[in-house]
Amino acid sequence: MSRAGKWAAVTLILLLAAALRLWALGDVPPGLAHDEVANWLIARDILAGNHALYFTAAYGHEPLYQYVQAATVALFGDHWLGLRWPSVAFGLLGVAVTYVLIRRLFGLPVALLTSAWLAGSFWPLFYARVALRAVTLPFTAALSAYFLLRATGRDAKSGLTDWLLAGLFLGISVYTYMAARILPLILLAYLFYLYLVRPSLPWPRVLAFLLTAALVAAPLVIWLATHPQAESRIGQVREPLERLLAGDPSAVWHNLVANLKFFTITGDPFPRQGIPGRPVFADPVGAALFYAGVLLALWRWRDPRYGFLLIWLLGALIPSIVTADAPSSIRDILGLVVVFAFPASATIEICRRVGRRMRDKEREIRARGILLPLVCLLLLLPGLLLT
């Protein structure tokens, strides 16, 4: 594909994502959920001069989204556009950064298909249309992962810079949503895995990455450590983890099963977090390709690209596994960074295998040129119709 063709494809995907996120934004979902109203009140407090590192109202809120929302309320007005615009913006930025991240891992075809799936699927679309802070996390986390992958790649040429940027965005992620607290463990698990399959990590730069993240996150971490009563919501939902630590794994096991069903069988049960019970892949084709992608990743687990996908997806489920009311689409939101790469990588692998079976090279090139766009359209259409 030519350079112009690549840019055209990416632009079309972003336009699709923008259209789906902006259409009837004030009417769908109808009204404002109570969590959106809580954010609205925090935005008003900020504009009234009440600033904070952590907002204790409504069970506690990290500050990044709140300050951006206060700015858009000031810019667009004290109504639905000012409230929901930050979610639209972070959702679109998430699509763009995920494209760059997956292209770094798997190349252009998988990246285009992944970002197209992300643009049109219900799970990311819902959180890009409601005024909830969790939508900021996939964006900042994907940036941290992108720079970490650049830093650890075999062709890494930027020296310390990528390590520092990875640490910077990891630290910033702590200011987005509580599920970000699993992100350091995900990235550390990937670095440990990378050391096992390719023991050549530059440990001084790994330390610089961790120190940067720690320094950026320190103000909020220290504040929360000295004000444990500020996070009342965690006390309400941590029963499964407490039971596990007390020697009873039954609740965590139940949540693990529920989260595994989340992708293709039964989704989040709460109306305020989407259509009750709707799984991530509601259509059978998307579900089958997701499982095919998981099997492909397991088969190639020694390849760091697939190892990264598996570690990230499993890590992203932990916040929902150890808390009440599983599966929780909002606590699983880190999964948006990689979940659509599984069916996309399986689809491209199938197309490549079909292409290899064609003896004539010219026929192969023509087949790929016709088959791939057609397959992509057919795969995405059911999901779009169900969104």
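Residues numbered from 1 in each chain as written. Predicted model: local features only at pLDDT ≥ 70, side-chain atom pairs only at ≥ 80, totals over all residues. Heavy atoms only, no water.

Here the focus is the overall build of the protein chain. Secondary structure assignment for the protein chain yields 17 helices and zero strands. For 387 residues, the compact-globule estimate of 2.2 N^0.38 gives 21 Å, and the C-alpha radius of gyration of the protein chain, at 21 Å, lies within 12% of that figure. In terms of overall dimensions, the protein chain has C-alpha extents of about 70 × 50 × 45 Å along its principal axes. Taking all 387 residues of the protein chain together, 51% fall into the buried category. Here the analysis covers contacts within the protein chain between residues at least 6 apart in sequence; of these, 75% occur between residues at least 24 apart. Total accessible area computed for the protein chain in this model is approximately 17,800 Å², and 68% of it derives from carbon and sulfur atoms. Here the protein chain carries 34 positive and 21 negative side-chain charges, and the mean point of each set is 11 Å from the other. (Helix = DSSP H or I, 4+ residues; strand = E, 2+ residues; numbered from the N terminus. Rg over C-alpha atoms; globule rule 2.2 N^0.38 Å. Buried < 20%, exposed > 50% of the residue type's maximum accessible area, 1.4 Å probe, protein only. Contact = heavy atoms within 4.5 Å. Areas by Shrake-Rupley, 256 points an atom, 1.4 Å probe, with all protein chains shown as cover. Lys, Arg positive; Asp, Glu negative; His and termini not counted. Charge placed at Lys NZ, Arg CZ, Asp CG, Glu CD.)

One way to put it is that helix α8 (residues 160–173) packs onto helix α10 (residues 203–226) with a least axis distance of 7 Å and a crossing angle of 30°. Comparing the axis directions of α8 and α10 gives the class roughly parallel. Handedness of the α8/α10 crossing: right-handed. For the pair formed by α8 and α10, the contact residues are L160, W163, L164, A166, G167, L168, L170, G171 and I172 on the first element and R205, V206, A208, F209, T212, A213, V216 and A217 on the second. Each residue belonging to the contact of α8 with α10 can be placed in one class, and the counts come to 13 nonpolar, three polar and one charged. (Axes fitted to C-alpha atoms, helices over the stretch in contact; angles between N-to-C directions. Parallel < 35°, antiparallel > 145°, perpendicular 65-115°, else oblique. Left-handed = near helix turned anticlockwise from the far one by under 90°. Nonpolar A, V, L, I, M, F, W, Y, C, P; charged D, E, K, R; others polar.)

Before going further, it helps to spend a moment on the confidence of the model for the protein chain. On average, residues of the protein chain score 92 in pLDDT, and 91% of them are at 70 or above. For the protein chain, the element scoring lowest by mean pLDDT is helix α17 (residues 361–386), at 58; helix α15 (residues 304–321) scores highest, at 98. (pLDDT = per-residue confidence, 0-100.)

All right, on to the packing of aromatic side chains then. Under the definition given, this model contains 21 aromatic pairs. With a centroid separation of 5.1 Å and 65° between ring planes, the pair formed by F106 and Y306 is classed as edge-to-face. Linking F106 in helix α4 (residues 80–106) with Y306 in helix α15, this pair joins segments that are 200 residues apart in sequence. Of the two residues, F106 and Y306, both sit in the buried class. When the centroid spacing of 6.0 Å and the interplanar angle of 5° are considered together, the rings of F147 and F169 count as stacked. Pair noted here: F147 is in helix α7 (residues 136–152) and F169 is in helix α8, with a separation of 22 residues, a long-range link. The exposure class of F147 is buried, given its relative accessible area of 14%. The exposure class assigned to F169 is buried, which follows from its relative accessible area of 18%. An aromatic cluster of three or more residues is present, and its members are W123, F262, F263, F281, F290, Y291, F340 and F342. For R233, the ring lying beneath its charged end belongs to Y59, and the centroid distance is 5.8 Å. Residue placement shows R272 over the ring face of F270; its charged tip is 4.7 Å from the ring centre. (Phe/Tyr/Trp six-rings, centres within 6.5 Å; stacked < 30°, edge-to-face > 60°. Lys NZ or Arg CZ within 6 Å of the ring centre and 35° of its normal.)

Here we take up the side chain of E349. By the element assignment, E349 lies in helix α16 (residues 341–356). E349 gets classed as buried once you look at its relative accessible area, which sits at 10%. Setting aside residues no more than four positions away along its own chain, E349 makes contact with L296, R300 and R356.

Before going further, it helps to spend a moment on the environment of V110. Looking at the element boundaries, V110 is found in helix α5 (residues 108–120). Once the C-alpha coordinates of V110 and F342 are considered, the two residues, 232 residues apart in sequence, prove to be 9.3 Å apart. Apart from the residues lying within four places of it in its own chain, the contact partners of V110 are I102, A341, A344, S345 and I348.

All right, on to helix α2 (residues 34–47) then. Given a rise of 1.5 Å per residue, 14 residues ought to cover 20 Å, and the 20 Å separating the end C-alpha atoms of α2 matches this to within 8%. For α2, the complete set of buried residues consists of E36, A38, N39, I42, A43 and I46. Around the axis of α2, the buried residues are gathered within 155° of arc, so they sit on the same side. Against α3 (63–76) and α4 lie the buried residues of α2. Two residues or fewer after α2 comes G49, characterised by a positive phi angle close to 100°. (Expected span 1.5 Å × (residues − 1). Arc of directions from axis to C-beta.)

According to the stated counting rule, one finds twelve salt bridges in the structure shown. Among the salt bridges present, the one from R243 reaches D248, with a minimum N-O distance of 3.0 Å. We classify D248 as partly exposed; its relative accessible area is 29%. Among the ionic contacts, a cluster of salt bridges with common partners joins E62, R133, R181 and E231. (Salt bridge = Lys/Arg side-chain N within 4 Å of Asp/Glu carboxyl O.)

Moving on: helix α14 (residues 284–299). Taking 1.5 Å of rise per residue, 16 residues should cover 22 Å, and α14 covers 22 Å from first to last C-alpha, within 8% of that figure. For α14, every residue scored as buried is listed here: G286, A287, L289, F290, G293, V294, L296 and A297.

To continue, consider unusual backbone geometry. Geometrically, the link from V28 to P29 is a cis peptide bond, its omega value of -5° lying close to zero. Examined against the element boundaries, P29 turns out to sit in the loop between α1 (3–22) and α2. Look at the link from A326 to P327: it is a cis peptide, with omega at -5°. By secondary structure assignment, the location of P327 is in the loop between α15 and α16. Despite not being glycine, A58 shows a phi value in the positive range, around 55°. Summarising the element assignment, A58 is placed in the loop between α2 and α3. Backbone geometry places Y59, a non-glycine residue, at a positive phi of 75°. Mapped onto the fold, Y59 is located in the loop between α2 and α3. Of the residues examined, Y59 reaches a relative accessible area of 42% and is grouped as partly exposed.

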